Amino acid sequence: MKSDSNQKPPDDNRSLKIPLLLNVGLILLLALLAHGFSSFNTPNHYDEGEAALVLFFLLVGLFLLDVVAVFVALLLGKRPWVRGFLLAGLLVFLVGLGTCGYSVEHLHLGGN
């Protein structure tokens, strides 16, 4: 019989899932906060441009938080966590900032 002691343990999938799920939840929360802020702050209660601008700055902050988390994981020697936070930063750019771009693209400027 072969011994399993020579095999490497499989990568911990939690180290990829936790940062990704955390960032998806934070993106959704920040989007709700940005739209809530814009509806509270504008007289017509609907301004996509203001919501997109607020969401953009919130997502840039989230990306910077992911960058800090990557450096902390590197210092602690947690390589799977580094990959998780790098993928989470990519998720912020693809999903979050793509949503901002979509909102800005559909602005009605000039009152027409």
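The structure reproduced in this document is the subject of the present report. (Residues numbered from 1 in each chain as written. Predicted model: local features only at pLDDT ≥ 70, side-chain atom pairs only at ≥ 80, totals over all residues. Heavy atoms only, no water.)

The helix and strand tally for the protein stands at three helices and zero strands. Listing each helix as α and each strand as β along the protein from the N terminus yields α-α-α. Taken across its 112 residues, the protein has 27% of its residues classed as buried. Summing over all exposed atoms, the protein offers an accessible surface of approximately 8,300 Å²; the carbon and sulfur share of this is 69%. (Helix = DSSP H or I, 4+ residues; strand = E, 2+ residues; numbered from the N terminus. Buried < 20%, exposed > 50% of the residue type's maximum accessible area, 1.4 Å probe, protein only. Areas by Shrake-Rupley, 256 points an atom, 1.4 Å probe, with all protein chains shown as cover.)

Let us look at the packing of aromatic side chains. Centre distance and the angle of the planes are the two values used to describe a pair of aromatic rings. Counted according to the given criterion, the structure contains three aromatic pairs. The interplanar angle of 75° and the centroid separation of 5.3 Å between the aromatic rings of Phe-56 and Phe-57 together place this pair among those described as edge-to-face. Exposure remark for Phe-56: the relative accessible area of 34% places this residue in the partly exposed category. Relative accessible area serves as the criterion here: at 54%, Phe-57 is assigned to the exposed category. (Phe/Tyr/Trp six-rings, centres within 6.5 Å; stacked < 30°, edge-to-face > 60°.)

The next subject is the nonpolar core. With 11 residues, the main nonpolar core is built from Ile-27, Leu-30, Ala-31, Ala-34, Leu-55, Leu-59, Leu-62, Leu-91, Val-92, Leu-97 and Cys-100. Mapped by element, the contributors of at least two residues to this core are helix H1 (14–41), helix H2 (48–76) and helix H3 (79–105). Here Leu-59 is in contact with Ile-27, Leu-30, Val-92, Gly-96, Leu-97 and Cys-100, once residues within four sequence places are set aside. Core analysis: the second largest hydrophobic core is formed by five residues, Ala-69, Val-70, Ala-73 and Phe-85 among them. (Core = buried A, V, L, I, M, F, W, Y, C linked by side-chain atoms within 4.5 Å. Contact = heavy atoms within 4.5 Å.)

Topologically, Asp-66 is positioned in helix H2. No salt bridge is formed by the buried Asp-66, whose closest oppositely charged neighbour, Arg-83, lies at an N-O distance of 15 Å. Setting aside residues no more than four positions away along its own chain, Asp-66 makes contact with Asn-23, Phe-85, Ala-88, Gly-89 and Val-92. (Lys, Arg positive; Asp, Glu negative; His and termini not counted. Salt bridge = Lys/Arg side-chain N within 4 Å of Asp/Glu carboxyl O.)

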